[in-house]
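Report on the structure
Chain residues, written in single-letter form:
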Amino acid sequence: MAVIVNIPNAHDDNSQWNASGGYWDINVRTNDGYLFVGDITAAYTDTSGTPKSVVLKQNGAKVWAFGELSDTDADTKITITGNTRSENDLEVINNIPNTTATGTKGSGYYDASIQVTANEGYKITAAQVEFTNDYGYPDTKDLTISPDGKTASWEYDCADPGESFTLTGTTASEGTPELNVTNNITGNGVTEQHTFDGETATFTVTGQYSPNKVRFFDLKASYTNKAGTATKTPFVVQDLEYSQQATLTVTDIDPTKPVTLTGSYDNVVEISTNLSNCTANEDLPQYVKDGETVNVTLTANDGTEFDTEKSTPQFYYENASGYPQTQNLTISSDKKTATGSIQVNTNWKNFAVIGSAYPVTVVGEQYGAINVYLVTLDELAEFSGKRFFKETGTDPSTGAPIYENIDLGAYVNKIRRVYTNIGASSTDVIRCGNYNTGVSCHQPAQDKITLDFGTAVVPAHNEDNTDYESEVQIFLPFAGFVTLNADYAGKTIALQYVINVVTGNGVALLSCNGVVFQVEETEPSSEIIYLSPSTQVKTVGGDDWNEMLYYGLEPYIYCKWYESASNGRNNDRQTGILGDFRGFNVFDDVTPIHTAEILTEEQEMIYTALSDGVYIE
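Presented here is an overview of the structure given in this document. (Residues numbered from 1 in each chain as written. Predicted model: local features only at pLDDT ≥ 70, side-chain atom pairs only at ≥ 80, totals over all residues. Heavy atoms only, no water.)

Here the focus is the packing of aromatic side chains. Taken as a whole and judged by the stated rule, the model has 21 aromatic pairs. Aromatic pair tryptophan 348 and phenylalanine 351: ring centres 6.0 Å apart, planes at 20 degrees, arrangement stacked. Of the two residues, tryptophan 348 and phenylalanine 351, neither departs from the other in class, the shared state being buried. It is arginine 215 that lies over the ring of tyrosine 287; its NZ or CZ is 4.0 Å from the centre. (Phe/Tyr/Trp six-rings, centres within 6.5 Å; stacked < 30°, edge-to-face > 60°. Buried < 20%, exposed > 50% of the residue type's maximum accessible area, 1.4 Å probe, protein only. Lys NZ or Arg CZ within 6 Å of the ring centre and 35° of its normal.)

Following this line, the structure appears as structure tokens:
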């Protein structure tokens, strides 16, 4: 079968079936003086009977489309579709409804012109073109609309004709009345467009400048509704990539009455914040106009306070000459708030509110110059993202951030997972030396945790002397089996763990009747595997990856006892004096025991005790 090319001003360029590879090698070229426009598509039915459509690749000059079509055979019918344009025409994407558009290159290298014609029964009410200028940056211009609205045109000598031109705008039915719109929005670089189809009126206001430099304020449309009532409605403003755009749609407008747009498009200063362990007042704006006063109140988080010996909250900015300037905030007597005001100038750059509060009680102070943080896995992941690079500035030519290659892991002594809940006190940020990473975390509430495992009775199986010959062990989490003195057989013992949060080490305390009788060292924690890339790969902290966790976390007593022979008593019979016997003995046939003062009842009690059995030392 053949390759059929259904593209004007294009032809097949020796497309062939590759028998060894089992695919069609497609090549389509434009005629001289023409370029491909949009996608070039190959449609065919594969060997399994499934219709397929494949977009061919194109070269940079857009004169050659090519591709390899698999699941085909030598008899597969392939149809190529697409479009072309003259190389002297512009690539125009027309998004203006009810119109047709053409564009041509001019005699100069950066010359371009566009013509738009309204369809029958319509007129053009607004038209703009988005294009790439001669410096390679996006740009937008308005087209000139003829008095009758039937055509719109544009010519420019600073456009890149090799890039696409996108038309946007609106049209209206010629039977629809025109709105009388007065644009009273103050400021430079504002364009207004509106449409009205007889029922719905849409207003679009677009700024020309970056939204972090110039912004809309208090945009409203004043009009008369169909009931004859004067109405004022605010616009909805959104940030675009390179500007701001405000839109408003109303359905109750009286087209015979004038419409007035009010508001302003003002230069602004953007306010950024760099805060640690504190928050700014909720009404702090993100942008302020030139000459306005910024009022700031910083509030320290619970458990923290501002400390001027470490840092003072301040305003920071670079003045019109590019020199850094600061203004300190005032800290309250209780060190819980910092306040300040400053009148801004739109010539400033990098305006910021900077402040840090510090934990009132810091775990680890008694251990020297260290910081101890209670962190989650998510916070560790965030720290790892900032660990090796620090942004030190921006490239003046490209604006790209400049990074310094560092390893904050060098400041980390150890990272340990402690296998119990650790209470948190105040919020904090991870600091490595004098570098604030900005990673939020918490301070531990205390440096020592006591875990109470409760009490248990040491088995006394025989309830006689043989129990003291038992072999008793107690399993302690993170320590294993330790020997327990058999003297405590039959007694209730208590177990507590005291854990040092800073080191991750601890002790197990065994007590009886409130008195500690045995102490064992434990390590109820483990190192976190956190490697540091260097010439010699090392670990943060240690490299002792013990697996004591898998021993178990529930303590218990293990006892090996010996059964007493004959229920714990000898079975021989002897005759003798009571004072000569030792140990446990049962007496019968006891000679009368009497004294002059003994009562009969007392005598019976002695006989009964001797017959039941007594222990004689």
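On we go.
Our focus in this paragraph is the state of the cysteines. Applying the stated rule across the entire model yields zero disulfides. No disulfide involves cysteine 432; its nearest neighbouring cysteine sulfur is the one of cysteine 441, lying 10 Å away. (Disulfide = S-S within 2.5 Å.)

Our next topic: the side chain of arginine 416. Mapped onto the elements, arginine 416 comes out in strand 38 (residues 416-418). A distance of 3.4 Å separates the side chain of arginine 416 from the backbone oxygen of threonine 503, its partner in a polar contact. Setting aside residues no more than four positions away along its own chain, arginine 416 makes contact with Thr503, Gly504, Glu523, Ser525, Ser526, Glu527 and Ile528. (Helix = DSSP H or I, 4+ residues; strand = E, 2+ residues; numbered from the N terminus. Polar contact = N/O pair within 3.5 Å; in protein donor to acceptor, adjacent residues only side chain to side chain. Contact = heavy atoms within 4.5 Å.)

This next bit is on the pattern of salt bridges. In the structure shown here, the tally under the stated rule is twelve salt bridges. Between lysine 52 and aspartate 71 there is a salt bridge; the shortest N-O distance is 3.2 Å. Of the two residues, lysine 52 is situated in strand 6 (residues 51-55) and aspartate 71 in the loop between strand 8 (64-69) and strand 9 (78-86); the sequence distance between them amounts to 19 residues. Here lysine 289 ties to aspartate 266 by a salt bridge, and the two come within 3.4 Å at their closest N and O atoms. Of the two residues, lysine 289 sits in strand 28 (residues 287-289) while aspartate 266 sits in strand 25 (residues 259-270), which places them 23 residues apart along the sequence. Linked by salt bridges that have partners in common, Asp46, Lys52 and Asp71 make up one network. (Salt bridge = Lys/Arg side-chain N within 4 Å of Asp/Glu carboxyl O.)

What follows concerns the sheet that holds strand 46 (residues 515-522). Read across the sheet, four strands follow the order 41-44-45-46 without closing on themselves; strand pairing throughout is antiparallel. Both outer strands of the open sheet, strand 41 (448-457) and strand 46, are each paired with one neighbouring strand and no more. Averaged over all neighbouring strand pairs, the angle between strand axes comes to 20 degrees, with direction disregarded. When strand 45 (residues 506-512) meets strand 46, the two strands line up antiparallel, connected through seven bridges. In the strand pairing of strand 46, leucine 510 is matched with glutamine 518. (Pairing = 2+ DSSP bridges. Axes fitted to C-alpha atoms, helices over the stretch in contact; angles between N-to-C directions.)

Bringing empty space enclosed by the protein into the picture now. Scanning the entire structure with this criterion turns up one cavity of 30 Å³ or more. Approximately 60 Å³ is the volume attributed to the largest cavity. Around the largest cavity sit Thr125, Ala172, Thr176, Pro177, Glu178, Leu179, His194, Thr195 and Phe196, which together line it. Residue composition of the lining of the largest cavity, grouped by class: four nonpolar, four polar and one charged. (1 Å grid on protein atoms, 1.4 Å probe; cavity = no way out; pocket = protein on both sides within 12 Å on 5 of 7 lines; lining within 4 Å. Points joined across faces, edges and corners; volume = space filled by probe spheres on them. Nonpolar A, V, L, I, M, F, W, Y, C, P; charged D, E, K, R; others polar.)

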